[in-house]
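Summary of structural features
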Amino acid sequence: MLAKIQPYVLLIKSRMFEVFVYVWCMLLGGLIASRGFLNINLTALGVLAVLLTALSVYIYNDVIDANMDRLNPKKKRRPIPSGKASEKEAMYLVYISAFIGLFVALFVKLEIFLICLAWLVFFWAYSTPKIRLKKKTLVKESTPAIGLFLCVIMGAIINGSISNTVLFAGVFTVLSTFFLIPAFRDHSDIKEDKMFGVKSLATILSWKRRLEMAISFILAFMTLTPLTYVNFGFNVILPIIVVALGLLVLRFLFPLMNRLEQIKYEKAFKYVASFYFLTQFTMVISVVPLWF
């Protein structure tokens, strides 16, 4: 019995980080829309729907990209390229996750069902060999950004409405994902992406240009947030934390401009990830009435 379940457990574990990010973004939208007072029952169902939808699209991507992943030092350890799970088992998980995810979404709200359905169709088109949107310029970076934005919107729909505050959080999520992925998340995929014709910004731009993208975004966000936070319904905590985090991250990014060193790169990666999540968390703190 355990031997039969193990491949599915490994497949799920291999994508838990990605699933967590999408679930967190849905909670981000919900917490901001509800000012910290979530509709627990609907949010729990929404979390399950997002979790299963994200799992479905990412495991499907793993099936299609198995040959690519075998060339990647880290990704070759994943269940499919390593032989710990078969493509048949993975596809079974893809279909079951998609079906249950949509079924649960339908019980939340019709809008949530439609968004999850659109999410599935778009992400499958991203991976499906006959369509393979992944090979189109800018799509590799745009796809996760769009998915995360949809999750923020779903959280807001479940727990209130789509306000300017929610949109601010959604736009930050989109832009930070788009501008930071080429220098960090996609940096380790360059070799196989080039071999299989994937036109990501990481394969097109030099390391210096990709790092400049990341630095430019952080500088722009540090500059604009103090000027606009009041208009979007946040309190003064947000600009203070954003500027402090931004300065900390830039301290580790600028030294990489002239020379890419692995140890410094890995440290910078951790600080960039911290900037992403802590900024989102600060957005929540900036709208929650803490005096209650």
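For the structure, check the block above.
Residues numbered from 1 in each chain as written. Predicted model: local features only at pLDDT ≥ 70, side-chain atom pairs only at ≥ 80, totals over all residues. Heavy atoms only, no water.

Re the nonpolar core
If you look at the biggest cluster of nonpolar residues, it comprises 83 residues, and the most contacted ones within it are Tyr22, Met154, Phe184, Leu253 and Met283. Filtering out sequence-adjacent residues up to four positions away, Tyr22 remains in contact with Val50, Ala54, Tyr58, Trp119, Phe123, Pro144, Gly147, Leu148 and Cys151. (Core = buried A, V, L, I, M, F, W, Y, C linked by side-chain atoms within 4.5 Å. Buried < 20%, exposed > 50% of the residue type's maximum accessible area, 1.4 Å probe, protein only. Contact = heavy atoms within 4.5 Å.)

Quick word on the pattern of salt bridges
Per the stated rule, a full pass over the model turns up nine salt bridges. Linking Asp62 and Arg78 is a salt bridge whose minimum nitrogen-to-oxygen distance equals 3.3 Å. Of this pair, Asp62 sits in helix α3 (residues 40-64) while Arg78 sits in the loop between α4 (66-69) and α5 (79-82), and the two are 16 residues apart along the sequence. For Asp62, a relative accessible area of 3% translates into the label buried. Exposure remark for Arg78: the relative accessible area of 15% places this residue in the buried category. We note a salt bridge from Glu261 to Lys264, for which the minimum N-O separation is 3.9 Å. Given the relative accessible area of 40%, Lys264 is considered partly exposed. Several salt bridges converge on common partners, so that one network encompasses Arg15, Glu18, Asp62, Asp69, Arg78 and Arg185. (Salt bridge = Lys/Arg side-chain N within 4 Å of Asp/Glu carboxyl O. Helix = DSSP H or I, 4+ residues; strand = E, 2+ residues; numbered from the N terminus.)

What about the packing of aromatic side chains?
What the rule picks out here adds up to 29 aromatic pairs. Relative to Phe277, the ring of Tyr276 lies with its centre 5.0 Å away and its plane at 85°, an arrangement referred to as edge-to-face. A relative accessible area of 22% places Phe277 in the partly exposed class. In this structure, Arg251 packs its charged tip against the face of Phe252, placed 4.9 Å from the ring centre. (Phe/Tyr/Trp six-rings, centres within 6.5 Å; stacked < 30°, edge-to-face > 60°. Lys NZ or Arg CZ within 6 Å of the ring centre and 35° of its normal.)

A short note on the packing of helix α6 (residues 87-108) against helix α7 (residues 110-127)
Packing of α6 against α7 brings their axes to within 6 Å, and their N-to-C directions diverge by 155°. Taken together, the axis directions place α6 and α7 in an arrangement best described as roughly antiparallel. In the crossing of α6 with α7, the sense of the turn from one axis to the other is right-handed. Listed contacts from α7 to Val94, Ala98, Leu102, Ala105, Leu106 and Val108 of α6 are Leu110, Ile112, Phe113, Cys116, Leu117, Leu120 and Trp124. Of the residues in the contact of α6 with α7, the class split is 13 nonpolar, no polar and no charged. (Axes fitted to C-alpha atoms, helices over the stretch in contact; angles between N-to-C directions. Parallel < 35°, antiparallel > 145°, perpendicular 65-115°, else oblique. Left-handed = near helix turned anticlockwise from the far one by under 90°. Nonpolar A, V, L, I, M, F, W, Y, C, P; charged D, E, K, R; others polar.)

Quick look at helix α14 (residues 262-285)
Taking 1.5 Å of rise per residue, the 24 residues of α14 would be expected to cover 34 Å, and the 34 Å separating its terminal C-alpha atoms lies within 8% of that figure. Restricting attention to buried positions, one finds in α14 the residues Tyr265, Ala268, Val272, Phe275, Tyr276, Thr279, Gln280, Thr282, Met283 and Val284. Each element contacted by the buried residues of α14 is listed here: α2 (16-34), α8 (139-159), α9 (164-180), α12 (207-228) and α13 (237-253). (Expected span 1.5 Å × (residues − 1).)

So, the environment of Ser56
Mapped onto the secondary structure, Ser56 falls in helix α3. With a relative accessible area of 0%, Ser56 lands in the buried category. Measuring from C-alpha to C-alpha, the distance between Ser56 and Thr173 comes to 22 Å, with 117 residues separating the pair along the chain. Discounting chain neighbours no more than four positions away, the residues touching Ser56 are Val94, Ser97, Ala98, Leu120 and Trp124.

Describing unusual backbone geometry
Of note, Arg35 is a non-glycine position whose phi angle comes to about 55°, a positive value. Mapped onto the fold, Arg35 is located in the loop between α2 and α3. The exposure class assigned to Arg35 is partly exposed, which follows from its relative accessible area of 33%.

Regarding the state of the cysteines
Taken as a whole and judged by the stated rule, the model has zero disulfides. The structure places no disulfide on Cys25, whose sulfur is separated from the nearest cysteine sulfur, that of Cys151, by 6.5 Å. On the accessibility criterion, Cys25 (0% relative accessible area) is buried. Cysteine Cys116 shares no disulfide, and the gap to the nearest cysteine sulfur, in Cys151, comes to 7.5 Å. You can call Cys116 buried: its relative accessible area is 0%. (Disulfide = S-S within 2.5 Å.)

That is the geometry; function is a separate question.
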